[in-house]
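Results of the structural survey
These are the residues of each chain, in order.
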There are 2 protein chains.
Amino acid sequence: MSWTLAQRAHKMNPSVIREILKVTEKPGIISFAGGLPSPSTFPIEAMAEATARVFAQDGRAALQYSSSEGYGPLREWVAHDLKKLGMAISPDQVLITTGSQQGLDLIAKVLIDTGSRVLVETPTYLGALQAFTPMEPEFVSVNSDAEGVDVADFSAKAKGARFMYVLPNFQNPTGRTMSAERRVALAQAAAAAGVPLVEDNPYGDLWFDTPPPPALSSHVPENSVYLGSFSKILAPGLRLGYIVAPTAVMPKLLQAKQAADLHTPSFNQRIVAEVLKDGFIDRHVPTIRALYKRQCQAMLAALAEHCTGLLEWNAPDGGMFLWGRLPAGVDAVKLLPMAVEHNVAFVPGAAFYADHPDARSIRLSFVTASEEQIRTGVAALAKAIRQFQAG
Amino acid sequence: MSWTLAQRAHKMNPSVIREILKVTEKPGIISFAGGLPSPSTFPIEAMAEATARVFAQDGRAALQYSSSEGYGPLREWVAHDLKKLGMAISPDQVLITTGSQQGLDLIAKVLIDTGSRVLVETPTYLGALQAFTPMEPEFVSVNSDAEGVDVADFSAKAKGARFMYVLPNFQNPTGRTMSAERRVALAQAAAAAGVPLVEDNPYGDLWFDTPPPPALSSHVPENSVYLGSFSKILAPGLRLGYIVAPTAVMPKLLQAKQAADLHTPSFNQRIVAEVLKDGFIDRHVPTIRALYKRQCQAMLAALAEHCTGLLEWNAPDGGMFLWGRLPAGVDAVKLLPMAVEHNVAFVPGAAFYADHPDARSIRLSFVTASEEQIRTGVAALAKAIRQFQAG
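Residues numbered from 1 in each chain as written. Chains lettered and ligands numbered in written order. Predicted model: local features only at pLDDT ≥ 70, side-chain atom pairs only at ≥ 80, totals over all residues. Heavy atoms only, no water.

With that out of the way, let us pick up the overall build of chain A. Counting secondary structure elements, chain A contains 14 helices and 15 strands. Taken over C-alpha atoms, the radius of gyration comes to 21 Å for chain A, in line with the 21 Å a tight globule of 391 residues would show. Dimensions of chain A along its principal axes, counting C-alpha atoms only, are 60 × 55 × 50 Å. Out of the 391 residues in chain A, the part that is buried amounts to 65%. Long-range contacts, defined as pairs at least 24 residues apart, comprise 76% of the intrachain contacts of chain A with a sequence gap of at least 6. When the accessible surface of chain A is totalled, it reaches about 13,400 Å², and 53% of it is carbon and sulfur. (Helix = DSSP H or I, 4+ residues; strand = E, 2+ residues; numbered from the N terminus. Rg over C-alpha atoms; globule rule 2.2 N^0.38 Å. Buried < 20%, exposed > 50% of the residue type's maximum accessible area, 1.4 Å probe, protein only. Contact = heavy atoms within 4.5 Å. Areas by Shrake-Rupley, 256 points an atom, 1.4 Å probe, with all protein chains shown as cover.)

What follows is the structure, given as structure tokens:
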């Protein structure tokens, strides 16, 4: 009747993953599909204690409106923490966001006009495609391999692009990490082409044996925006992330933030600042790394045992996901219902491509299921693939 | 250098109020400028207890990712609560947002194209203008008087508009309430013109003696979107609000929500659901009403004593603000620095007009300062006006 929707609304679609996950909502299913951190890693006791202290010491301020930039001590913590990635920034360059997803939304508003070219990896993070889509960009997939972005292809496609979106560490969906050499080369090529980099790093702390190379942003601080998150090192239900931006764009990002939700909950910001205060994170994150490493190894071992010849896969150096490729003729979307019958779920990789999806690719998360479930689930996946091949 | 901003970014500006408030950041100043609820009303003890229960009972779920729609029991509470406004809705029609400011952002994304006509009251809520501006509408001010929107002027300007934004209860900035008759007439005119209503109701619970008339949305549920908030009845630092929408627009609002920040913090939603569970709000809100009524009466009495002949003002039936008009020749923006010298601050009303600002109007908040401060501040305001007039 009366409702006329904006043009951009017609381009917005329900998350493919969300729709897929509905198929997998079945009691007893072993899910490698979700991107949910293991809830066993949530530091409930430390959070509860920090929250009680915030109520006792700063209750009224924690419950009041606060500045759009974010809570000062939290911004200071972020600026200090990022030194480990080779980034030398001031707290003024940190904007606290309602999850790093909101950072993507603000970047889209400030940098994308209808039809703007936006470069992305092949494949890329689906949530970024969703966050950028309402501003109606033209996505351009840049070729990528096991070391990350193909720099020559980037340079060939860079002209006139508003930015290139990159997730260099333990990428969602592929689990791959961009090599140090590739980072330097991409940063230089981006500066040469006059194309800013948007560097998304939600998983960077989740390395298994050695930390990833310095951030892309450390090489070209004036030509990049960096996104971070507390979702994977503390808890996603707090919705706390941040943007680091140079002065060329920070004022507009701040105005967009203010218009979007005034500020990120003061309450959550103060609780996290309180949790972080005594070096808690340096004791806590190693326990997450150790757990995810064990679970990743369990999945790799199970894949080697059950899926040799049925799947190709990579061995990530950290994060939450690995990436698989099914044999010729096996379509991941068609395989999924069969896998669900066998009580195991994954995400077909096609959802993660801006264009030319690879129908044989799949994303497997190794963090939500236990080691035992991982072994059972991988065996079930192998059965499903065999059944599919048997027709 | 490399940064090319989106066109919309050039239309976004720092909040005028934010800039003005910097002038007023002076130790010892009595501020009638801010829109901050009195922190003495924040139910810290109840919140702290509810939070402890959430950690104990549901800690892992409260810290995990959750659905974009929001937490079920909170959506049910909202649907039930809105019966008091004559609204008969199902929990499925409730989308939990990160403050009602985010509701405005989502509505803008889903309903506004560049150049779309968006009707607003005269004056209107500045935060709505800021939330809508990035989607580049053409704002059209509809004449308004003490009873609210001028329905004939609405009908004259309605053709082709995407929606009319209305804040009918204890409006920010004017404190005025739309009469029951005017609501029925506007709802009918809007339906006849095929123009949806966006009804914003952050202050509706803060009535002094009698509740406001039924919601506009109760008259035309399929032709309206309703925005509510927990900021004024519990605490703004939680950033919890909601949209109620008909099925014609809910799916798109939900997709926009998911792209914007995945979901509103699970943690905050569960805490508030826990606080609300035992009817706490029915005991708590009357204490806020009583406090704000006393403070409003103190301001009205002080205005009568000190400002007669120097200011015209209204007497709101609830909320946080009253609206004043300075004598001919007194410009509110120019008066402000003089008032600050006298240790009192207000917001010049010009910021709240989409066009043709009234330079003599001012907004006075009666909720942040104490009764004694209100008396002192109003006397100081009178002195500042006299000084201005004396040249």
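Once that is clear, we can look at helix H4 (residues 72-81) of chain B. Along H4 of chain B, the residues that are buried comprise Leu 74, Arg 75, Trp 77, Val 78, Ala 79 and Asp 81 of chain B. Considering only its buried residues, H4 of chain B is in contact with strand E2 (94-97), strand E10 (241-244), helix H11 (266-276) and helix H12 (280-306) of chain B.

The two copies are related by a screw motion: chain B maps onto chain A through a turn of 180° and a shift of 0.0 Å along the axis, at an RMSD of 0.0 Å. The superposition operator between the copies reduces to a two-fold rotation axis. Interface overlap between copies: 100% of the residues of chain B at the interface are likewise at the interface in chain A, consistent with a symmetric, same-surface contact. (Least-squares fit on C-alpha atoms with pLDDT ≥ 70 in both.)

A few words on helix H5 (residues 99-111) of chain B. End to end, H5 of chain B covers 19 Å across 13 residues, agreeing with the expected 18 Å (1.5 Å per residue, within 8%). The buried fraction of H5 of chain B amounts to 13 of the 13 residues, a majority that puts the element mostly inside the structure. (Expected span 1.5 Å × (residues − 1).)

In this section: the side chain of Thr 122 of chain B. Residue and element names in this part refer to chain B. Within the fold, Thr 122 resides in the loop between strand E3 (117-121) and helix H6 (126-132). Engagement of the side chain of Thr 122 in a polar contact is seen with the backbone oxygen of Val 142, the distance being 2.7 Å. Setting aside residues up to four positions removed in sequence, Thr 122 forms contacts with Ser 141, Val 142, Asn 143, Ser 144, Arg 176 and Tyr 353. (Polar contact = N/O pair within 3.5 Å; in protein donor to acceptor, adjacent residues only side chain to side chain.)

It is at 5 Å that the axes of helix H5 (residues 99-111) of chain A and helix H10 (residues 250-261) of chain B come closest, and there the two elements cross at 105°. As summarised for this structure, H5 of chain A and H10 of chain B are arranged roughly perpendicular, according to the angle between their axes. On H10 of chain B, the residues that touch Gln 101, Gln 102 and Asp 105 of chain A of H5 of chain A are Gln 258, Ala 259, Ala 260 and Asp 261 of chain B. In terms of residue class, the contact of H5 of chain A with H10 of chain B is made up of two nonpolar, three polar and two charged. (Axes fitted to C-alpha atoms, helices over the stretch in contact; angles between N-to-C directions. Parallel < 35°, antiparallel > 145°, perpendicular 65-115°, else oblique. Nonpolar A, V, L, I, M, F, W, Y, C, P; charged D, E, K, R; others polar.)

Evaluated as defined, the whole model comprises 21 aromatic pairs over all chains. Ring geometry for Phe 132 of chain B against Phe 139 of chain B: centres 6.5 Å apart, planes inclined by 35°, an arrangement best described as tilted. Note on accessibility: Phe 132 of chain B and Phe 139 of chain B belong to one class, buried. Summarising the aromatic geometry, the rings of Phe 208 of chain B and Phe 366 of chain B are spaced 6.1 Å apart at their centres and angled 55° between planes, so their arrangement reads as tilted. Taken together, the residues span a long stretch of sequence, with Phe 208 of chain B in the loop between strand E8 (197-200) and helix H9 (216-219) and Phe 366 of chain B in the loop between strand E15 (361-365) and helix H14 (371-390) at a distance of 158 residues. For Phe 366 of chain B, a relative accessible area of 0% gives the class buried. An aromatic cluster is defined as three or more aromatic residues linked by ring pairs; in this entry it consists of Phe 55 and Phe 267 of chain A together with Phe 55 and Phe 267 of chain B. (Phe/Tyr/Trp six-rings, centres within 6.5 Å; stacked < 30°, edge-to-face > 60°.)

With that out of the way, let us pick up the domain arrangement of chain A. Residues and elements named next belong to chain A. What the domain assignment lists for chain A is domain 1 (7-42 + 282-390) and domain 2 (64-280). Measuring from the centre of the C-alpha atoms in domain 1 to the corresponding centre in domain 2 gives 25 Å. The interface of domain 1 with domain 2 comprises 34 residues on the first partner and 35 residues on the second. Interface area, domain 1 with domain 2, both sides summed: about 3,100 Å², of which 62% is carbon and sulfur. Looking at the side of domain 1 facing domain 2, the largest losses of area belong to Arg 283, Arg 289 and Phe 352, adding up to 19% of the total buried there. Where domain 1 meets domain 2, there are three salt bridges. Lys 293 serves as the salt-bridge partner of Asp 209, at 2.6 Å between the closest nitrogen and oxygen. Put simply, domain 1 and domain 2 have 16 residue pairs in polar contact (both at pLDDT 80 or more) between them. Listed by contribution, the elements that provide at least two residues to the side of domain 1 that touches domain 2 are helix H1 (7-11), helix H12 (280-306) and strand E12 (321-325). (Domains from an automatic or database assignment. Buried area = accessible area lost by both parts, 1.4 Å probe. Salt bridge = Lys/Arg side-chain N within 4 Å of Asp/Glu carboxyl O.)

Now for the sheet that holds strand E14 (residues 347-348) of chain A. Residue and element names in this part refer to chain A. Overall, antiparallel pairing links the four strands, which are arranged E11-E12-E15-E14 in an open sheet. Among the strands making up the open sheet, the edge pair consists of strand E11 (312-313) and E14. Pairing analysis gives two bridges linking E11 to E12, with the strands arranged antiparallel. If you follow Trp 313 over to E12, its bridge partner there is Gly 324. (Pairing = 2+ DSSP bridges.)

The predicted structure's coordinates, where accompanied by low pLDDT, should not be read in detail. Taken over all residues, the pLDDT of chain A has a mean of 96, while the share at 70 or more is 98%. Scoring the predicted complex yields pTM 0.97 and, for the interface, ipTM 0.96. (pLDDT = per-residue confidence, 0-100.)

A separate point is the pairing of strand E10 (residues 241-244) of chain A. Successive side chains on a regular strand alternate, one facing one side of the sheet and the next facing the other. All names here are of chain A. Every second residue of E10 is oriented toward a common face, with Gly 241 and Ile 243 on one face and Tyr 242 and Val 244 on the other, all of them buried. Note: strand E2 (residues 94-97) against E10, four bridges, orientation antiparallel. What sits directly across from Thr 97, in E10, is Gly 241. In the sheet, strand E9 (residues 224-229) pairs with E10 via four bridges, with the strands oriented antiparallel.

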